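Residue-level structure breakdown
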Amino acid sequence: KSFKECLELVAQFVGAKPTKTRGSRKNREIDPAENLVFHEWNDELITLWTWKKPPITVDSIRACGGRLATYRYDWQVIAFPISAPNEEENLVDQFKIVGWCLYDLCGKYLPKYTKIKDANGKESVKTDWVKVKVTHGSQPGWIGDLSRLSSTTIWKLEGPSDVLAFLSLPNLPPDVAAITNANGEKERPLEWMISLFSGKLA
């Protein structure tokens, strides 16, 4: 288990509750939506994005909870919620939003910031440009139409675009679900993520 998971297990065992520390960015809990400003749904704007991503449909984006937003004041994006079981309130059969996955509305690249240190220990920020971005502070979770998770068959696909394309298929059977993990195919799945497939055709 990761250090964070071990810490949470110890806290549960001794009955301690996690605290949210105010102050510097290093010492406080990061809200994965803190650099997002959400906007009302707009079919026309969403349709423009789907033209660049055939065969994805507007309905598939809506089914996955996609929302229009502005990221860091400059980038217009479609933001997809990343969901995980609501363990804080012991509602493990229900999901809560633990992060956001972003696509640029014009099909361009988005900035990914990484702190790096040089040989002298001086810290700087490196900027990479990516097609799909997970916001800072996001936790591991699923992206997809979670209303279908009671289905008898669940497809685990490589990324959000694949899930959207799958859910856009005509005559999709109602007892089939498709999901993906937020951080791509190289992410090591957690136990609760694996348990979702128990008793399912996957």
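Heads up: the structure comes first, above all this text.
This write-up is about the structure you can find in this document. Given the structure is predicted, the values throughout are model-derived calculations rather than measurements.

**What to know about the layout of surface pockets**
For the second largest pocket, the calculated volume is near 720 Å³. Taken together, 26 residues line the second largest pocket, and the ones lying closest to its centre are Lys112, Tyr113, Lys133, Val134 and His136. Within the residue set of the lining of the second largest pocket, elements represented by two or more residues are β5 (110–117), β6 (123–130), β7 (132–134) and β10 (176–181). Per-element accounting of the lining of the second largest pocket gives the leading share, four residues, to β5.

**Focus: the nonpolar core**
By size, the foremost hydrophobic cluster in this structure holds 25 residues, and its most contacted members are Trp49, Ile61, Ile78, Phe80, Leu164 and Phe166. Counting only elements with at least two residues in this core, the list comes to α2 (43–51), α3 (58–63), β3 (75–86), β4 (91–104), α4 (160–167) and β10. Core analysis: the next-biggest nonpolar cluster, separate from the first, contains 10 residues, Tyr71, Trp75, Val77 and Ala79 among them.

**Some remarks on the packing of aromatic side chains**
This structure, assessed with the given rule, holds eight aromatic pairs. Between the aromatic rings of Phe38 and Trp100, the centroid separation amounts to 4.8 Å while the plane-to-plane angle is 50°, which identifies the pairing as tilted. With a gap of 62 residues between them, Phe38 in strand β1 (residues 36–38) and Trp100 in strand β4 connect regions that are remote in the sequence. Residue Trp100 is classed as buried on the basis of its relative accessible area, which comes to 6%. One aromatic cluster in this structure is built from Trp49, Phe80 and Tyr103.

Here is what the cut-offs are and how they apply
- Residues numbered from 1 in each chain as written.
- Predicted model: local features only at pLDDT ≥ 70, side-chain atom pairs only at ≥ 80, totals over all residues.
- Heavy atoms only, no water.
- 1 Å grid on protein atoms, 1.4 Å probe; cavity = no way out; pocket = protein on both sides within 12 Å on 5 of 7 lines; lining within 4 Å.
- Points joined across faces, edges and corners; volume = space filled by probe spheres on them.
- Helix = DSSP H or I, 4+ residues; strand = E, 2+ residues; numbered from the N terminus.
- Core = buried A, V, L, I, M, F, W, Y, C linked by side-chain atoms within 4.5 Å.
- Buried < 20%, exposed > 50% of the residue type's maximum accessible area, 1.4 Å probe, protein only.
- Phe/Tyr/Trp six-rings, centres within 6.5 Å; stacked < 30°, edge-to-face > 60°.

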